[in-house]
Structures are given as C-alpha cells and as structure tokens.
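# Secondary and tertiary structure notes
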Amino acid sequence: MTELDPVIHAQARLRVVASLSALGDGDMIAFPRLQELLAMTAGNLSVHLRKLEDAGYVEVSKTHRGRTPATLIRLSRRGRLAFEEYTEAIRTLLDPTPTKEQS
Amino acid sequence: MHPDDDPPPADAATALQLIRKQRGATARRLDPDARLLYWPWGVAWLVGFGLFFLRFSPGERELLRLPSWLPLTVLFALLLAAAAVQGAARERAHDQVTGDSARRGRWYGCAWGLGSVSVYAGLVRISEHLPHDLAALLWSATAAGLIGALQMAGAAIWLDRPLFGLGVWISVINLVGTIAGPGWHALVVAVAGSGGILVAGALARRRQRERHQP
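Here's what I pulled together on the structure shown here. One numbering rule holds for all chains: residues counted from 1, following each sequence as written. Written order determines the labels here, with chains lettered from A and ligands numbered from 1. For this predicted model, a pLDDT threshold of at least 70 governs which residues receive local features, and a threshold of 80 or more governs which side-chain atom pairs are given and counted, while totals over whole chains, interfaces and linings are taken from all residues. No hydrogens and no water enter the side-chain calculation; it runs on all heavy atoms of the structure.

Turning to the pattern of salt bridges, a few remarks are in order. The rule for a salt bridge is simple: a side-chain nitrogen of Lys or Arg has to be within 4 Å of a carboxyl oxygen of Asp or Glu. Under the defined criterion, the tally for this structure stands at 10 salt bridges over all chains. Its salt-bridge partner being Arg55 of chain B, residue Glu62 of chain B comes within 3.5 Å of it at the nearest N-O pair. In this structure, Arg103 of chain B and Asp100 of chain B form a salt bridge, with 3.7 Å as the shortest nitrogen-oxygen distance. In this pair, Arg103 of chain B and Asp100 of chain B both sit in helix H4 (residues 100-127), 3 residues apart, roughly one turn of the helix. Residue Arg103 of chain B is classed as partly exposed on the basis of its relative accessible area, which comes to 38%. Several salt bridges share partner residues, and in doing so they unite Arg33 and Glu36 of chain A together with Arg29 of chain B into one network. Every helix listed is a DSSP run of H or I at least four residues long, and every strand listed is a run of E at least two residues long, numbered separately from the N terminus. Relative accessible area decides the class of each residue, using a 1.4 Å probe on protein chains only: under 20% of the type maximum gives buried, over 50% gives exposed, and in between gives partly exposed.

Residue and element names in this part refer to chain B. Note on patches: the residues involved have over 30% relative accessible area and no salt bridge, like charges join within 9 Å, and the nonpolar side chains Val, Leu, Ile, Met, Phe, Trp and Tyr join within 5 Å. Note on areas: these come from Shrake-Rupley sampling with a 1.4 Å probe, and a residue is covered only by the protein chains present in the view. Taken together, the side chains of Trp39, Val43, Leu46, Val47 and Leu198 define a hydrophobic patch exposed on the protein surface, amounting to about 380 Å² of accessible area. It is helix H2 (residues 34-55) that provides the largest number of residues to the nonpolar patch, a total of 4 residues. Secondary-structure assignment places Val47 in helix H2.

Here a residue-residue contact requires only that any non-hydrogen atoms of the pair lie within 4.5 Å. Listed by partner, the interface residues are 29 residues for chain B and 34 residues for chain A. Note on definitions: buried area is the accessible-area loss of two parts on being combined, 1.4 Å probe, summed for both. With both chains or domains summed, chain B and chain A bury close to 2800 Å², and 57% of this area falls on carbon and sulfur atoms. In terms of surface lost to chain A, no three residues of chain B exceed Asp6, Gln22 and Gln96 of chain B, which account for 22% of the buried area on that side. Connecting chain B to chain A are 2 salt bridges. Distance and chemistry together define a polar contact, namely a pair of N or O atoms within 3.5 Å, with one atom able to donate a hydrogen and the other to accept it when in protein, and with adjacent residues in sequence counting only for side-chain atoms on both sides. One can count 19 residue pairs in polar contact (both at pLDDT 80 or more) joining chain B with chain A. Looking at the side of chain B that touches chain A, the elements that each hand over two or more residues are helix H1 (12-30), helix H3 (70-94), strand E1 (97-99) and H4 of chain B. Classification convention: Asp, Glu, Lys, Arg as charged; Ala, Val, Leu, Ile, Met, Phe, Trp, Tyr, Cys, Pro as nonpolar; all other residues, Gly among them, as polar. Looking at the side of chain B that touches chain A residue by residue, the class counts come to 13 nonpolar, 8 polar and 8 charged.

Moving on to helix H4 (residues 77-94) of chain A. Multiplying 1.5 Å by the helix residue count minus one yields the expected span of that helix. Along its 18 residues, H4 of chain A runs 26 Å from first to last C-alpha, staying within 8% of the 26 Å computed at 1.5 Å per residue. For H4 of chain A, every residue scored as buried is listed here: Gly79, Arg80, Ala82, Phe83, Tyr86, Thr87, Ala89 and Ile90 of chain A. The inward-facing, buried residues of H4 of chain A abut helix H1 (11-21) and strand E3 (68-75) of chain A together with H1 of chain B.

Right under this line is the structure:
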C-alpha cells in the first residue's frame, strides 16, 4: 500500500486541510470562522493547527483588526501540495486503473 | 504510528468522502448565494424601468397615469435595496476571510462606486439642458453601458462565464434600445435587461451548485 502522509491521514486534520483548501490561493481565514466551519472546539483546533504548522503545511499569522488581535490561517504551498498528493493517493487506492506507466 | 488522539479515516473511501464533504461544505458557506447577487437587480430593473416606460412612453404619450417623480424614485429605492441585499450576502459569506479575494472585491466595488460618480457627474451637467425624454435616454443608456462594461471586466477578474455573458447581453440590448430611441430604451432594458439578469442569476446558481457538490 502507498505510504499516506501521516500528518494529513488523520480524521480531524484532514478536515482542517480540506476546509482550508477550499479557500482561494491568496486568502486567509480568521481562527473563529474556521472553528465555526469545522465545528471544533478552540482547544482541539489549536492542537491540530500546531501540528500542521510544525509540518510546514499551514501558515498562522497574528495580526490586529482595529484593537482586537486576530489569528489568520492559510494553507502553505507545501500544505496544498501535500493535500493534492494525498487526495491523488487516495483516488489511486480506490481506482488503481493503471492510467500512468505500469511499475 | 499516531501518538495523538486523531485516528486515521477507516479506509480510502471514507477519506475521500470526508474530503469531498468538507470541501463542499466550506465552499457553500464561503460562496454567497448567486441568486441574492443577481435577482434583486433583475427585479429592480423590471419594475423601475417598466414604470419609466409606462409613464414616459414613446411619442410623449403616457400609458399609465403616474406622478412624474414616481418611476425614478422607485428605481432608485429598488437599486439601493438590491445593493443592500448583495452587500449583506457577500458580507455574511466572506466574514473573517481576508487576502486576495477580498482585495479584488474591494477594488471592483471601488470601480463601480467611483466610476459611477465620475460618469454621472458629467450627465448632471449636460442633462439639465436637454428635453426630458432625451435626458432620460442619456441617463439610462450611459448607466447600462457602464454596467455592461463593468460586468465584462468583473468576469475577466474571476473568469465568471455567466457574468461575462450578462455584460455582453446588457451592452448589446443597450445599443438596440438606444437606436430604438427614447421611451423604447426603457422597455428594452426593463424586459430584456431584467430577463438577462434573472437568467444569468439562475445559470450562476447552477454553476455554484455543481461546484458545491460533495
């Protein structure tokens, strides 16, 4: 079996990455909105984001909106690539028709 | 293996379903309903320009007895309402999302606002010297021309086919209406213009649904 990326091959983190992948390429989403989209607790989401950030898949930036601090999140290029590769690997597992060269 | 408490999906099928479901759900929430972006404008054009045609009909006739201030007031009120509905729908969908999309939207909005003000300022100076029917034609033809051009330009930014089609359609019917002359222009815009907007809204909504399919 193909080796699946262990960072993404986990239910909650896969949901986080899939959700972030639906954003436009140059877009970022604030933590509370992402939390609402995923229906996760703040603590839970923080833990998963930290792991994704450590892997270089997610970029987290702290900024200010007026006077209130805001945390903005986006998928990094590396994260987007990893997600695409993961999705491709899953598809290949489900439909292993040898469209490419046979090995 | 997995030291944290986030277990892997049961199998590949579950993983793929999870990806589709989550991407679809997110896209649905971040995309404002296309019907709210188009249809209120269609209704505004239909009713507003429809009243214009009935009150200021071709050949200086009056098909429907209405106070002369009514058509313009109704049109403006409905256009403001459409802008408010559109703004609210966008605001709700794009809440707490920043970056390139937001900047595109802001600049495009700026093109509409500032572009309209700078074009209409000239019309105000000119139209006071024109007879009423020609002034009305100048206003609605210029407005429709500007709207069609901005829609095509907007479609180029987002590669949005229904919006591009609408821009082309509005530009063409504006040309037809202008050639037809005062009074008729309002009828063409009310019927073909609003019809185009309603159809474009339906097409945009269908495209959106396809995109959101899990």
